[in-house]
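Each chain, letter by letter, is given below.
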Amino acid sequence: MYIALLEDDPDQSVLTQAWLQDAGHKCIVFGTGKELTMALVNESFDLLILDWMVPDMDGMEVLKWVRENFEWRIPILFVTQRDAEEDVVSALQGGADDYMAKPIKRAEMLARIESISRRSQPYSSSEEDIINFPPYSLQRSTGSVKIDDEAIEVTRKEFELTMFLFKNAGRVLSRGYILETVWGRSAEVNTRTVDTHISRLRRKLAIDKESGWRLSSIYQHGYRLEKFEHL
């Protein structure tokens, strides 16, 4: 997962970031609430981990801002020293997905993150070989795509991009996030590669009103795949 960590304690942020990265996640640390909200305007994250007491804009204010400004319900985990019952209830009722009191334990935090990931992205953990997004059908084992019963010729990378877009339908995805997730951190390609592949998929998969889906360009940010019925 691509995780944003809001934490102003340097020692805690270094430790938490190390735990997350050792577990295979990518973690970006933000020391203030305003820094995080500014980053969220241009970047996509799979999960936010919020401390409550941070400078200029506390964790609860960030939570409220995210829930008011994003259509996609990005998962949020609170990790804070505030452990009174009313604090936990306030955060959960405000839209947090889970809550941990410091000092945190590595294994418990990683287990909670895995649980949040399963709830928020059910297809990513699905063991089904064939996943349907009518009229599209995607088969993992063969890397193939069908529109109704018609097979569409796609490369393996085009299949991975197609699967990624459908799994995140309705969510705004930055070009950088798409590039890193589909091509990997060490890939010697740039965001033009994303634009080229998106254009090719629109054409190959006939993503238009007749298909029931729309793949939109988001100015200076990235793309969003969504169903027409939700517009």
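Bear in mind that the values here come from a model prediction, so they are computed numbers and not experimental data.

Colleague: Would you mind going over the overall build of the protein with me for this structure?
Modeller: Counting its secondary structure elements, the protein contains eight helices and twelve strands. The C-alpha radius of gyration of the protein comes to 19 Å, within 12% of the 17 Å expected for a compact globule of 231 residues. The dimensions of the protein, computed from C-alpha atoms along their principal axes, are 55 × 35 × 30 Å. The buried share of the protein, reckoned over its 231 residues, is 44%. Working note: accessible area of the protein is about 12100 Å², and carbon and sulfur atoms make up 47% of it. Here the protein carries 29 positive and 38 negative side-chain charges, and the mean point of each set is 5 Å from the other.

Colleague: Is there a simple way to explain the sheet that holds strand β11 (residues 213–218) in this structure?
Modeller: The strands that make up a sheet pair up through hydrogen bonds in the backbone, lying either parallel or antiparallel. A sheet is described by the order of its strands in space; here three strands give the open sequence β10-β12-β11, paired in antiparallel fashion. Edge positions in the open sheet fall to β10 (173–174) and β11, since each of these has one partner strand only.

Colleague: Sorry if this is basic, but what is going on with the packing of aromatic side chains here?
Modeller: Each pair of aromatic rings is reported with the distance of its centres and the angle of its planes. In the structure shown here, the tally under the stated rule is nine aromatic pairs. Ring geometry for Y2 versus Y177: centroids 5.9 Å apart, planes at 15 degrees, classification stacked. Of this pair, Y2 sits in strand β1 (residues 2–6) while Y177 is found in helix α7 (residues 175–183), placing the two residues 175 residues apart along the sequence. The pair formed by Y2 and Y177 is uniform in burial state, with each residue classed as buried. Here the aromatic cluster, defined as three or more aromatic residues joined through ring pairs, consists of Y2, F30, F45, F164 and Y177.

Colleague: Before we go on, may I ask you to explain the pattern of salt bridges in this structure?
Modeller: Under the counting rule described, the total for this entry stands at 15 salt bridges. K102 serves as the salt-bridge partner of D51, at 3.4 Å between the closest nitrogen and oxygen. Here D51, found in the loop between β3 (47–50) and α3 (59–69), pairs with K102, found in the loop between β5 (98–101) and α5 (106–120); they are 51 residues apart in sequence, far enough to count as distant. The partner of E158 in a salt bridge is K204, and the shortest N-O contact between them spans 2.8 Å. One end of the pair, E158, is in helix α6 (residues 156–167); the other, K204, is in helix α8 (residues 191–204), with 46 residues separating them in the sequence. Looking at E158, the relative accessible area reads 1%, which means it is buried.

Colleague: Is there a simple way to think about the pairing of β3 in this case?
Modeller: Remember that side chains alternate between the two faces of the sheet whenever the strand is regular. Both faces of β3 are covered, namely the face carrying L47 and I49 and the face carrying L48 and L50. Where β1 lies against β3, four bridges are found, and the strand directions are parallel. Opposite A4, over in β3, you have L48 as the bridge partner. In this sheet, strand β4 (residues 76–80) lies alongside β3 in parallel orientation, the contact comprising three bridges. Directly across from L50, in β4, lies its bridge partner F78.

Colleague: Help me out: how do you make sense of α3 in this one?
Modeller: Along an α-helix, residues three or four apart share an orientation, since each turn contains 3.6 residues. Turning to α3, its buried residues are G59, M60, V62, L63 and V66. One side of α3 carries all its buried residues, which in axial view fall inside an arc of 160 degrees. Away from its buried face by more than 90 degrees, α3 exposes K64 and E68.

Colleague: It is not clear to me how the packing of helix α2 (residues 33–42) against α3 should be interpreted in this structure. Could you clarify?
Modeller: Helix-helix packing: each pair is described by the crossing angle between the helix axes and the interaxial distance. Between α2 and α3, the least distance of the axes is 10 Å, while the angle of their chain directions is 20 degrees. Here α2 is positioned roughly parallel relative to α3, judged by the angle of their axes. The two elements α2 and α3 cross, and the hand of that crossing is right-handed. Contacts between α2 and α3 involve G33, L36, T37, L40 and V41 from the first element and V62, W65 and V66 from the second. The residue makeup of the contact of α2 with α3, split by class, is six nonpolar, two polar and no charged.

Scoring rules and cut-offs
Residues numbered from 1 in each chain as written. Predicted model: local features only at pLDDT ≥ 70, side-chain atom pairs only at ≥ 80, totals over all residues. Heavy atoms only, no water. Helix = DSSP H or I, 4+ residues; strand = E, 2+ residues; numbered from the N terminus. Rg over C-alpha atoms; globule rule 2.2 N^0.38 Å. Buried < 20%, exposed > 50% of the residue type's maximum accessible area, 1.4 Å probe, protein only. Areas by Shrake-Rupley, 256 points an atom, 1.4 Å probe, with all protein chains shown as cover. Lys, Arg positive; Asp, Glu negative; His and termini not counted. Charge placed at Lys NZ, Arg CZ, Asp CG, Glu CD. Pairing = 2+ DSSP bridges. Phe/Tyr/Trp six-rings, centres within 6.5 Å; stacked < 30°, edge-to-face > 60°. Salt bridge = Lys/Arg side-chain N within 4 Å of Asp/Glu carboxyl O. Arc of directions from axis to C-beta. Axes fitted to C-alpha atoms, helices over the stretch in contact; angles between N-to-C directions. Parallel < 35°, antiparallel > 145°, perpendicular 65-115°, else oblique. Left-handed = near helix turned anticlockwise from the far one by under 90°. Contact = heavy atoms within 4.5 Å. Nonpolar A, V, L, I, M, F, W, Y, C, P; charged D, E, K, R; others polar.

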